[in-house]
2 protein chains.
Amino acid sequence: MSRVLGVLGGMGPAATVAFLARVQALTPAQGDADHIRVVMDMNPQVPDRNTRPGEAEAELGAMARRLRAAGAQVLAMPCNTAHAQKAGIEAVGLPFLDMIEITVAAARPYRPGRVGILATPGGEALYSAALTTQGITPMTVQGADREAFMACVYGVKRGDVGTANRGAMARLARSLADAGAEVIIAGCTEVPLLLAAPEVRVPLVDSAEVLARACVAACLRMDPPNAERD
Amino acid sequence: MSRVLGVLGGMGPAATVAFLARVQALTPAQGDADHIRVVMDMNPQVPDRNTRPGEAEAELGAMARRLRAAGAQVLAMPCNTAHAQKAGIEAVGLPFLDMIEITVAAARPYRPGRVGILATPGGEALYSAALTTQGITPMTVQGADREAFMACVYGVKRGDVGTANRGAMARLARSLADAGAEVIIAGCTEVPLLLAAPEVRVPLVDSAEVLARACVAACLRMDPPNAERD
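Residues numbered from 1 in each chain as written. Chains lettered and ligands numbered in written order. Predicted model: local features only at pLDDT ≥ 70, side-chain atom pairs only at ≥ 80, totals over all residues. Heavy atoms only, no water.

## Describing helix H6 (residues 143-158) of chain A
Residues and elements named next belong to chain A. Here H6 contains 16 residues, and its C-alpha end-to-end distance of 23 Å stays within 8% of the 22 Å for a straight helix at 1.5 Å per residue. Of all the residues in H6, the buried ones are Asp145, Arg146, Phe149, Met150, Cys152, Val153, Gly155, Val156 and Lys157. Next to the buried residues of H6 lie strand E4 (114-118), helix H5 (121-133) and helix H7 (163-178). Just downstream of H6, Gly159 is the residue with a positive phi angle, here 105 degrees. (Helix = DSSP H or I, 4+ residues; strand = E, 2+ residues; numbered from the N terminus. Expected span 1.5 Å × (residues − 1). Buried < 20%, exposed > 50% of the residue type's maximum accessible area, 1.4 Å probe, protein only. Contact = heavy atoms within 4.5 Å.)

See the structure below:
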């Protein structure tokens, strides 16, 4: 029997559904029973992670406790930005697959000197710190491009995954590659709803894909990422 | 604040994810916070509903209790077949949106004399009984077509939503219409992963779509389907 995955979702809702679909697609299954059991709290009303970080941390902790009570054995949160408040989740004591940590680990085999980050300001800060610790130079979108990035993300949250929004995200990825990024991290779970790896001429490390793979591995015990065996 | 939706899912997993996406698509939202909070237990290991109905009913009841503990205020289960064991869920005392009942209600405005059913044998029995009570003649797939239908469903459960599988489902829908069905009920949540309304020349009433609409209405209190106002 595989382990039960607990998902702290809803930040945003479309990204969470795309993440669930990816977990399924990555699970070797010939029928229903081969799939991983997932308990989820898709909570689009988590307090704002930028303006009310303390309340957000408390709410994420409460969600994690409820997921544990519902049977979760491994926790994951398909939202990079909210990882700034991960302490509330980790306090619950279940293995928590840290999306920032495993995404940076997934970028390392490319041995990049400079890595471009497509993320919200909060996610960017987390990735910049994690990359710098590894001796990798983070590159970020600036000025008007920062505003264009957030417009793309809020577009997805409104339901816009159309051609114009996709084109805008592809342009931002290109500008990071043109500026010298050797790898680009899709460090916001809305990014893969607009951008696919073949659209970028340098490797694209998609945090949602990396997290989904880690969830499948942890729940099927294909390897023990940062979780103890039981 | 909208009501919290509790989803008993995993039967099958792909149908559950498609259902969640549909709930989102039907929710009027300009941003994350406008979406409905969803707590879900996607449990692909519910005991077989055909061979172990008593155990299945007990497990569905346990899932419903855990969802209530996690905050659910309205319950829904995007699997028609498992509605034969709905007593376990209803015993928990939350409003439960009965997919069979609301789908038959959604077919009634067409005033059909004969309704074709695309469902598993278990789902077919539930729909046949519900239609007959309304004075509507149920029409079902028979013989080799019955086996072809189940092959389509198990294909989806293996991840096959390709052209051949889609074509097979469209053929079954056509054969029901050719035999005189005035409306077709997609009475299995795997069906809409293979078949869209424009592919059928008579109205297609999709149980997953009907349930998603009812969930949005119940949680946003746009109207009170079979749930009391609180």
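## Here we look at the pairing of strand E5 (residues 137-140) of chain A
Residue and element names in this part refer to chain A. Bridge count between E4 and E5: 4 bridges; the pairing is parallel. Its bridge partner being in E5, Val115 is matched across the sheet by Pro138. The β-α-β motif built from E4, the intervening H5 and the parallel element E5 has right-handed crossover chirality. (Pairing = 2+ DSSP bridges. Right-handed = clockwise from strand over helix to strand, strands pointing away.)

## As for the sheet that holds strand E6 (residues 183-186) of chain A
Residues and elements named next belong to chain A. In spatial order, the strands read E5-E4-E6-E7; together these 4 strands make up an open sheet with parallel pairing. A strand with exactly one partner marks an edge of an open sheet, and here the two such strands are E5 and strand E7 (204-206). When strand polarity is set aside, the average angle formed by the axes of neighbouring strands in this sheet is 30 degrees. Taken together, the 4 bridges between E4 and E6 define a ladder with parallel strand orientation. Looking across to E6, one finds that Gly116 is bridged to Ile184. (Axes fitted to C-alpha atoms, helices over the stretch in contact; angles between N-to-C directions.)

## Considering the interface of chain A and chain B
Opposite the 33 residues of chain A that make contact, chain B presents 33 residues. Of all residues in chain A, Asp32(A), Arg37(A) and Gln45(A) give up the largest surface area on contact with chain B, accounting jointly for 24% of the area buried on that side. At the boundary of chain A and chain B, one finds 6 salt bridges. Where Arg37(A) meets Asp41(B), a salt bridge forms, and the shortest distance between an N and an O atom there is 2.6 Å. Across the chain A-chain B interface, the total number found is 15 residue pairs in polar contact (both at pLDDT 80 or more). Every element with two or more residues in the side of chain A that touches chain B is listed here: helix H1 (13-26), strand E2 (38-42), helix H2 (53-69) and H6 of chain A. A per-element tally of the side of chain A that touches chain B places H1(A) first, with 6 residues. (Buried area = accessible area lost by both parts, 1.4 Å probe. Salt bridge = Lys/Arg side-chain N within 4 Å of Asp/Glu carboxyl O. Polar contact = N/O pair within 3.5 Å; in protein donor to acceptor, adjacent residues only side chain to side chain.)

## A word on the pattern of salt bridges
Residue and element names in this part refer to chain A. According to the stated counting rule, one finds 32 salt bridges over all chains in the structure shown. Arg66 is the partner of Asp41 in a salt bridge, and the nearest nitrogen-oxygen pair spans 3.7 Å. With Asp41 in strand E2 and Arg66 in helix H2, this residue pair connects regions lying 25 residues apart in the sequence. By relative accessible area, which is 27% here, Arg66 ends up partly exposed. One salt-bridge network, in which partners are shared between bridges, spans Arg22, Asp206, Glu209 and Arg213.

## Some details on the nonpolar core
Leu5(A) and Leu5(B) are the most contacted members of the largest nonpolar core, which has 70 residues in total. Judged by nonpolar contacts, the second largest core, of 25 residues, contains Phe149(A), Leu176(A), Ala177(A) and Leu204(A). (Core = buried A, V, L, I, M, F, W, Y, C linked by side-chain atoms within 4.5 Å.)

## A closer look at the relation of the copies chain A and chain B
Between the two copies, chain A and chain B, the superposition gives an RMSD of 0.0 Å; the rotation angle is 180 degrees and the shift along the axis is 0.0 Å. The superposition of one copy onto the other is thereby described by a two-fold rotation axis. Taking C-alpha positions as the reference, the residue of chain A nearest the rotation axis is Met40(A), at 2.5 Å. (Least-squares fit on C-alpha atoms with pLDDT ≥ 70 in both.)

## Some thoughts on the packing of helix H4 (residues 99-107) of chain A against helix H8 (residues 207-219) of chain A
Residue and element names in this part refer to chain A. Orientation of H4 relative to H8, taken along the N-to-C sense of each, is 100 degrees, at an axis distance of 9 Å. As the angle between them shows, H4 and H8 are arranged roughly perpendicular. For the pair H4 and H8, contact is made by Met99, Ile102, Thr103 and Ala106 and by Ser207, Ala208, Val210, Leu211 and Ala214, respectively. In terms of residue class, the contact of H4 with H8 is made up of 7 nonpolar, 2 polar and no charged. (Parallel < 35°, antiparallel > 145°, perpendicular 65-115°, else oblique. Nonpolar A, V, L, I, M, F, W, Y, C, P; charged D, E, K, R; others polar.)

## Comments concerning the sheet that holds strand E6 (residues 183-186) of chain B
All names here are of chain B. Read from one edge of the open sheet, 4 strands run E5-E4-E6-E7, paired in parallel fashion. The two strands at the open ends of the sheet, each matched to only one other strand, are strand E5 (137-140) and strand E7 (204-206). This sheet shows a mean twist of 30 degrees between the axes of neighbouring strands, independent of strand direction.

## Side note on the confidence of the model for chain A
Residue and element names in this part refer to chain A. On average, residues of chain A score 94 in pLDDT, and 97% of them are at 70 or above. For residues 224-230, every residue scores under 50 in pLDDT, and the model assigns this stretch 16 contacts once sequence neighbours within four places are set aside. Across the predicted assembly, pTM comes out at 0.93 and ipTM at 0.92. (pLDDT = per-residue confidence, 0-100.)

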